[in-house]
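# Descriptive analysis of the structure
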Amino acid sequence: MRLVELIQANVEREENSHRLFDLHWRRANSYFRGKGFSPEECKDLTQDTFLRVFKSIDSFRRDSSFEWWLKGIAESIYKNEIRKRRTEKRDGIEQPIDAPVSNSERPQSPVETLASPEPGPLEKVVDREQVGALRATLQDLPEKMRQCCILRYVEGLKYQEIADLMQLSIETVKAHLFQGRKRLATMLGATQRAGKKGEGAT
Amino acid sequence: MTDEPIDPELDRLLGLLAAEERGATDPAEHPGAATLSSYHAHTLPPDEVSRVQDHIVACRQCRDQLLEYAQFLGPASEDPADNVSSFEKAAEWRRLKERMEEKEATAPEPLPVKAADDRRRILRSLRAFQALAAALGVLAVGLFLRNAYVQGRARVLPEQAILFGATRSVQESKPTRVRPPVALRITPDADYPRYRVEIETASGQPKQTLEIAPDRDGGLIEIPDGWSPGTYKIRVLGLKDGRAEPVGRAKELVVER
């Protein structure tokens, strides 16, 4: 029997609860560290998490793993904490009046506006066509390759994250991406060549 | 072989594609916690795995859940702040136990069967008391309304005046005819602070005797609905220094239906 089941069956409840706490405390604490809380705040939030775990452990139905359930509780505690802090700080964001204006907020001068790298209408049409062709080629890639390419190039995930999500080794992910890029580039070259031929014909 | 080939134009188009896809919403339906947890544990059947993978490629929310879970289960971080001694962890356990005990102490204890029965009985009697109080309240409100109605009716009673005194008039010789309910204004033509009004039936049986002070109460007396039709005699006496002196002659009052 697993620890949770023993606790639910009231078998040496306190000792088993202690074991469960020892086993998962660091995990929960790290979760809050990952969210940027101070060590003391992490301890308090971990306490709150386990307080709720032991209060509602009898209602845990074991249809998901205990760790998944524990993470769900930690997440809920985290969200509550954020909500609480937002309510406390609802009096607005303080910004010094002499703060430097960032480049992104600075209004563009007329010269900058004239020299803007914005594509023209024709370029936009061409881009739209090429993006459409790229999307179609992506759909034609083999399943795993397509999934890896979407997660990497469209969703911007890291190799390790893709490997974790798709349950692949990091090397396999890289290989899929390499092959995928090659096929996409070939398609793109072919499309561009076809486009140029079309222009030459007219 | 594992390095991605450099192609700035492809990167630019992929960037445009990513920007287009950024606004896309997640699918409406998601696999449950049990499915995602099993997917992570590699315990799902292959067709389910493929379905979940198709979903997570399109769904940011489930992707984040899985990535966060992987991180949650992953090896401990290298952050020195995460390195907690077993002594410190033991202290945390003690603190948690204390908090749990505090919570238990403040939680309301479940009542034993007898106490629960008593509580139910008390609640029942409380409910009966509440019902009784409500009934009394309704009764009180009813009485108040009736009283207000009666007073309201009295206030709007038609008035008829009977003059008592030395001045003689045509009216004096005739009986006063009234149809109850009606308010009679007794207006004695004399100078007494108070008067006694005596009303008796035709057979000489006293019907009503009351005192009035015209200066204070306007000299009104009420002939209610209950008076049976017939002829009554009204006599007014002036009260002064313990003496009662007749004021004018007795008048006849004919109560009609």
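## Describing the environment of R26(A)
Residues and elements named next belong to chain A. Structurally, the position occupied by R26 is in helix α2 (residues 13-34). For R26, a relative accessible area of 28% gives the class partly exposed. Residues R26 and K43, spaced 17 residues apart in sequence, show a C-alpha to C-alpha distance of 9.8 Å.

## Looking at a nonpolar patch on the surface
Among the surface-exposed residues, L132(B), L136(B), L139(B) and L143(B) lie close enough to one another that they form a single nonpolar patch of about 420 Å² accessible area. Inspection of the secondary structure assignment puts L132(B) in helix α6 (residues 113-155).

## Some points on unusual backbone geometry
Looking along the chain, the bond that leaves P180(B) and enters P181(B) is cis, with omega of -5°. Mapped onto the elements of the fold, P181(B) is located in the loop between β2 (176-178) and β3 (182-189). With a phi close to 60°, N10(A) is a non-glycine residue in the positive phi region. In this structure, N10(A) sits in the loop between α1 (3-8) and α2. Here the phi dihedral of E12(A) falls at roughly 40°; this positive angle occurs in a residue that is not glycine.

## Structural notes on the nonpolar core
Judged by nonpolar contacts, the single largest core of 39 residues is most densely connected at L134(A), L165(A), M166(A) and I56(B). Every element with two or more residues in this core is listed here: α6 (121-140), α7 (143-154), α8 (159-166) and α9 (170-201) of chain A together with α1 (8-22), α2 (33-40), α3 (46-58) and α4 (60-73) of chain B. For this core, the element with the most residues is α7(A), which contributes seven residues. When near neighbours in sequence (up to four residues on either side) are disregarded, L134(A) contacts L184(A), M187(A), L10(B), L13(B), L14(B) and L17(B). Formed by 28 residues, the second largest nonpolar core is a distinct cluster that contains F21(A), A28(A), Y31(A) and F60(A).

## So, the packing of helix α4 (residues 66-88) of chain A against α4(B)
Relative orientation of the contacting elements α4(A) and α4(B) amounts to 105°, with a least axis distance of 10 Å. Viewed along their axes, α4(A) and α4(B) adopt a mutual orientation that is roughly perpendicular. Contact residues: α4(A) offers E67(A), W68(A), L70(A), K71(A) and E75(A), while α4(B) offers Q65(B), L66(B), E68(B), Y69(B), F72(B) and L73(B). Split into classes, the residues belonging to the contact of α4(A) with α4(B) amount to six nonpolar, one polar and four charged.

## Thoughts on the interface of chain B and chain A
On the side of chain A, 64 residues touch chain B, which itself brings 56 residues to the contact. Here chain B and chain A share an interface that buries about 6,000 Å² over both sides, 59% of which is from carbon and sulfur atoms. The residue K97(B) makes a salt bridge to E14(A) at a minimum N-O spacing of 2.6 Å. Where chain B touches chain A, the interface holds 25 residue pairs in polar contact (both at pLDDT 80 or more).

Cut-off values and rules
Residues numbered from 1 in each chain as written. Chains lettered and ligands numbered in written order. Predicted model: local features only at pLDDT ≥ 70, side-chain atom pairs only at ≥ 80, totals over all residues. Heavy atoms only, no water. Helix = DSSP H or I, 4+ residues; strand = E, 2+ residues; numbered from the N terminus. Buried < 20%, exposed > 50% of the residue type's maximum accessible area, 1.4 Å probe, protein only. Patch = residues over 30% accessible without salt bridge, like charges linked within 9 Å, V, L, I, M, F, W, Y side chains within 5 Å. Areas by Shrake-Rupley, 256 points an atom, 1.4 Å probe, with all protein chains shown as cover. Salt bridge = Lys/Arg side-chain N within 4 Å of Asp/Glu carboxyl O. Core = buried A, V, L, I, M, F, W, Y, C linked by side-chain atoms within 4.5 Å. Contact = heavy atoms within 4.5 Å. Axes fitted to C-alpha atoms, helices over the stretch in contact; angles between N-to-C directions. Parallel < 35°, antiparallel > 145°, perpendicular 65-115°, else oblique. Nonpolar A, V, L, I, M, F, W, Y, C, P; charged D, E, K, R; others polar. Buried area = accessible area lost by both parts, 1.4 Å probe. Polar contact = N/O pair within 3.5 Å; in protein donor to acceptor, adjacent residues only side chain to side chain.

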